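Structural overview
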Amino acid sequence: MIRILGIDPGSQRTGIGVIDVGEDGRSHHVFHTAINVLGNETFHLRLKQIFDEIGTIIETHAPAEVAIERVFMARNPDSALKLGQARGAAICAVVNRGLALAEYAAKEVKQAVVGGGGADKGQVQHMVGVLLGIPGKLQADAADALAVALTHAHTRSSIERLGIPRTAWRRRR
């Protein structure tokens, strides 16, 4: 059994999802939440909250591996900068605790979970619920984080089956 933490970084809400993957390749839901940082007085305090809460989640759930969504280029440069800073706070919380980190683009996550890179948030939420047996509608950021964790589980399984090094899995074109 391997425990994977998935993170969907955001400057307003950061999605968190934890799954266990058994020897048979089946994924099981452990925990999910969305860290809402909007109540902070300053952006710096938002970053601190992301860092602190992810650290607490790591200590509580003890994941063996962590996966995070890559930043996409937003139309608004200020939004992209804030998203990158929130992602940086999450990454620092992970590496500060000695864990390795895998990164996945949004299209890769959608492809792995829904079957198409152009899927919308509703489709991702639905498929995550189906794949992990979670009834009802999931909060969008938490569903995205669980989708990142599932993507990592599928990718690591494929790499193990094929017997190739991780660095050869995804080559830039």
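See the structure shown above.
So, a few notes on the structure that sits alongside this text. The structure displayed is predicted, hence computed values, not measured ones.

What follows is about the side chain of E69. Position of E69 relative to the elements: it lies in strand 4 (residues 65-69). The buried charged residue E69 lacks any salt bridge partner; its closest oppositely charged side chain belongs to K121, at an N-O distance of 6.6 Å.

Turning next to the sheet that holds strand 4. Across the sheet, five strands lie side by side as 3-2-1-4-5; this open sheet has mixed pairing. The open sheet has two edge strands, strand 3 (27-36) and strand 5 (101-104), and neither has a second partner. The sheet shows a mean angle of 20° between the axes of neighbouring strands, direction not considered.

Turning next to the pattern of salt bridges. The final tally for this structure, using the stated rule, is nine salt bridges. E108 is the partner of R70 in a salt bridge, and the nearest nitrogen-oxygen pair spans 3.8 Å. Here R70 is found in the loop between strand 4 and helix 2 (77-95), whereas its partner E108 is found in helix 3 (residues 106-113), with 38 residues between them in sequence. Measuring nitrogen to oxygen at the nearest pair gives 2.2 Å for the salt bridge that ties R87 to E103. A residue pair is termed long-range when its members are at least 10 positions apart, and R87 in helix 2 and E103 in strand 5 qualify at 16 residues. The class of E103 is partly exposed, set by a relative accessible area of 31%.

With that settled, consider the layout of surface pockets. Looking at the largest pocket, its volume works out to about 490 Å³. Along the walls of the largest pocket sit 23 residues, with D8, P9, E69, F72 and K121 positioned nearest its centre. A breakdown of the residues in the lining of the largest pocket according to their chemical character gives ten nonpolar, four polar and nine charged.

What follows deals with the packing of aromatic side chains. Taken as a whole and judged by the stated rule, the model has zero aromatic pairs. Lying across the ring of F51, R97 places its NZ or CZ 5.6 Å from the centre.

Rules used throughout
- Residues numbered from 1 in each chain as written.
- Predicted model: local features only at pLDDT ≥ 70, side-chain atom pairs only at ≥ 80, totals over all residues.
- Heavy atoms only, no water.
- Helix = DSSP H or I, 4+ residues; strand = E, 2+ residues; numbered from the N terminus.
- Buried < 20%, exposed > 50% of the residue type's maximum accessible area, 1.4 Å probe, protein only.
- Lys, Arg positive; Asp, Glu negative; His and termini not counted.
- Salt bridge = Lys/Arg side-chain N within 4 Å of Asp/Glu carboxyl O.
- Pairing = 2+ DSSP bridges.
- Axes fitted to C-alpha atoms, helices over the stretch in contact; angles between N-to-C directions.
- 1 Å grid on protein atoms, 1.4 Å probe; cavity = no way out; pocket = protein on both sides within 12 Å on 5 of 7 lines; lining within 4 Å.
- Points joined across faces, edges and corners; volume = space filled by probe spheres on them.
- Nonpolar A, V, L, I, M, F, W, Y, C, P; charged D, E, K, R; others polar.
- Phe/Tyr/Trp six-rings, centres within 6.5 Å; stacked < 30°, edge-to-face > 60°.
- Lys NZ or Arg CZ within 6 Å of the ring centre and 35° of its normal.

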